[in-house]
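These are the residues of each chain, in order.
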Amino acid sequence: MLERNRLKKILLNAKSKTDIKKIRSFYNVSNQSTAWAYISFACMLDAIVSIKTLFDAFKWHLSIPVFILLSFLIIIIGYSQVMYRVSDNRKEKIGSKINRLKSNKCSMSFCFYDI
């Protein structure tokens with residue numbers, strides 16, 4: 001409710017139609033990223049529950065310290081993976097790969113862009 005009122009105030013103070021479009025597109029992206037954050041949190045919790053399910057399926061004993069350790073390990077690996085995906089270093093690597101592929105786009109037996 002507060003966020004909606006704040007958006008209305010921002011839209012009323014916008015100077016032009018392009019400002020309104022930019023603000024709305026930013027707001028939509030913001031909502032999508034918030035939703036994905038909740039989804040990823042739910043998946044992380046599901047992964048933690050899956051640890052217990054896996055141990056029960058193989059009839060292994062799972063002590064509380066091992067469960068906590070494995071849970072933290074999943075959280076750390078998930079966080080590291082996300083931080084790698086949003087890092088500038090990865091963006092530069094992908095950008096250089098794309099540029100390299102664009103420069104050699106038709107050096108193979110067929111060109112992907114002709115399809």
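Quick note: structure is the one above.
No experiment lies behind these values; they were computed from the predicted model shown.

Calculation notes
- Residues numbered from 1 in each chain as written.
- Predicted model: local features only at pLDDT ≥ 70, side-chain atom pairs only at ≥ 80, totals over all residues.
- Heavy atoms only, no water.
- 1 Å grid on protein atoms, 1.4 Å probe; cavity = no way out; pocket = protein on both sides within 12 Å on 5 of 7 lines; lining within 4 Å.
- Points joined across faces, edges and corners; volume = space filled by probe spheres on them.
- Helix = DSSP H or I, 4+ residues; strand = E, 2+ residues; numbered from the N terminus.
- Nonpolar A, V, L, I, M, F, W, Y, C, P; charged D, E, K, R; others polar.
- Buried < 20%, exposed > 50% of the residue type's maximum accessible area, 1.4 Å probe, protein only.
- Contact = heavy atoms within 4.5 Å.
- Axes fitted to C-alpha atoms, helices over the stretch in contact; angles between N-to-C directions.
- Parallel < 35°, antiparallel > 145°, perpendicular 65-115°, else oblique.
- Left-handed = near helix turned anticlockwise from the far one by under 90°.

K.L.:
How would you explain the layout of surface pockets if you had to name every residue and give the values?
P.N.:
Leftover empty space is mapped by rolling, across the atoms, a probe with the size of a water molecule. Approximately 210 Å³ is the volume found for the largest pocket. Surrounding the largest pocket, Ser40, Phe41, Met44, Ile74, Ile75, Gly78, Tyr79, Gln81 and Val82 form its lining. At the level of elements, helix 2 (17-57) and helix 3 (64-85) are the ones that each hand at least two residues to the lining of the largest pocket. Broken down by class, the residue content of the lining of the largest pocket amounts to 6 nonpolar, 3 polar and no charged.

K.L.:
I'd like a description of unusual backbone geometry, backed by residues and values.
P.N.:
Phi at Lys59 is positive, roughly 55°, even though this residue is not glycine. Relative to the assigned elements, Lys59 resides in the loop between helix 2 and helix 3. Judged by relative accessible area, which is 74%, Lys59 ranks as exposed.

K.L.:
Tell me what's going on with the environment of Ile48, and back it up with residues and numbers.
P.N.:
Looking at where Ile48 falls in the secondary structure, it is placed in helix 2. Along the backbone, Ile48 and Ser71 are 23 residues apart, and their C-alpha atoms lie at a distance of 5.6 Å. For Ile48, the contacting residues outside a window of four places in its chain are Phe67, Ser71 and Ile75.

K.L.:
Outline the packing of helix 2 against helix 3, supporting the account with residue identities and numerical values.
P.N.:
Between helix 2 and helix 3, the least distance of the axes is 10 Å, while the angle of their chain directions is 140°. Judged on the interaxial angle alone, helix 3 and helix 2 are oblique. The two elements helix 2 and helix 3 cross, and the hand of that crossing is right-handed. Residues Met44, Ala47, Ile48, Ile51, Lys52 and Phe55 of helix 2 touch helix 3, and the partners they reach there are Phe67, Leu70, Ser71, Ile74 and Ile75. Across the contact of helix 2 with helix 3, the residue classes tally to 9 nonpolar, 1 polar and 1 charged.

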